[in-house]
Amino acid sequence: MNFKSLIAIAGLALGLNASASAADLAAGEATAGAICAGCHMPDGNSVVDMFPKLAGQHAQYLAKQLSDYKSGARQDPTMTGMAATLATEEDIANVAAFFASKEMTTATADSSKVALGKDIYRGGDMTKGLPACMGCHGPTGAGNPTAQFPSLAGQYAAYTIKQLSAFRDGTRANDSNSMMRLVAGKMSVAEIEAVANYIAQMK
């Protein structure tokens, strides 16, 4: 990577952080209450395990997902309709910042699957070129906001299984450089379930 590329990435990161800090949380709360709360709850802690928890998620990541739903880069019939009601980039930024300001609760996990999930999350499986999840998402599952790697800790296992499975079969394709499709493609169903359950109980 050359110096100009590094400067460009740094500038993008600064721009994203500036946008998040300039967001109107009150406006985001009002919009989220009208559009998002029915599924994700007013504080972003969904009570249905197939609806993701949004509380505490990085604003940059949430904004990208909402934009991808609007553009069609990420497909979901319900979310496409919901995202379409966010008329401007400011609306998206405000909603994303509002949910990012909340604290995610921890989900429950199947304890019989956590040990395998921990091994894969922290160490991967080099025999088949499967990298450790923590390489991008961090040892505590906090993610990386600048790189738009989402926070995972405390997310519902059912939702994580759904997303990893979608990356694995290619029905979700809005990951940068096919990164998650390549990773999930090397995971068995049992490994996906194990990692998802390990993530659910992380704090």
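As the structure is a prediction and not an experimental result, all values here were calculated from the model. (Residues numbered from 1 in each chain as written. Predicted model: local features only at pLDDT ≥ 70, side-chain atom pairs only at ≥ 80, totals over all residues. Heavy atoms only, no water.)

Engineer: How should a nonpolar patch on the surface be read in this particular structure?
Structural biologist: Residues Val47, Val48, Met50 and Phe51 make up a contiguous nonpolar surface patch of roughly 330 Å² in combined accessible area. Looking at the secondary structure, you find valine 47 in the loop between α3 (37–40) and α4 (59–71). (Patch = residues over 30% accessible without salt bridge, like charges linked within 9 Å, V, L, I, M, F, W, Y side chains within 5 Å. Areas by Shrake-Rupley, 256 points an atom, 1.4 Å probe, with all protein chains shown as cover. Salt bridge = Lys/Arg side-chain N within 4 Å of Asp/Glu carboxyl O. Helix = DSSP H or I, 4+ residues; strand = E, 2+ residues; numbered from the N terminus.)

Engineer: In this structure, what is going on with the pattern of salt bridges? I would like to understand it.
Structural biologist: Side chains that differ in charge, positive against negative, can pair when their charged atoms come close. The tally for this structure, following the rule as stated, stands at four salt bridges. A salt bridge links aspartate 68 to lysine 64; its shortest N-O distance comes to 2.6 Å. With aspartate 68 and lysine 64 both in helix α4 and four residues apart, this pair spans about one turn of that helix.

Engineer: Would you take a moment to explain the nonpolar core for this structure?
Structural biologist: Soluble, globular proteins show a tendency: their nonpolar side chains are buried together. The biggest cluster of nonpolar side chains holds 17 residues, and the ones touching the most others in it are Tyr121, Leu130, Met187, Val195, Tyr198, Ile199 and Met202. Secondary-structure elements contributing two or more residues to this core are α7 (111–123), α9 (157–169), α10 (179–184) and α11 (189–200). When residues of this core are assigned to their parent elements, the largest contribution, four residues, is made by α11. Among all residues touching tyrosine 121, those that are not within four sequence positions of it are Ala132, Cys133, Met134, His137, Gly138, Pro139, Gly141, Leu152, Val195, Tyr198, Ile199 and Met202. Among the nonpolar cores identified, the runner-up in size contains 16 residues, and Ala32, Cys36, Leu54 and Leu62 belong to it. (Core = buried A, V, L, I, M, F, W, Y, C linked by side-chain atoms within 4.5 Å. Buried < 20%, exposed > 50% of the residue type's maximum accessible area, 1.4 Å probe, protein only. Contact = heavy atoms within 4.5 Å.)

Engineer: Would you mind showing me how to read α4 here?
Structural biologist: Three- or four-residue spacings in an α-helix give side chains the same orientation, since the helix completes a turn every 3.6 residues. Here α4 contains 13 residues, and its C-alpha end-to-end distance of 18 Å stays within 8% of the 18 Å for a straight helix at 1.5 Å per residue. All of the buried residues in α4 are Ala59, Gln60, Tyr61, Leu62, Ala63, Gln65, Leu66, Asp68 and Tyr69. Phi turns positive, to about 95°, at glycine 72, one or two residues after α4. (Expected span 1.5 Å × (residues − 1).)

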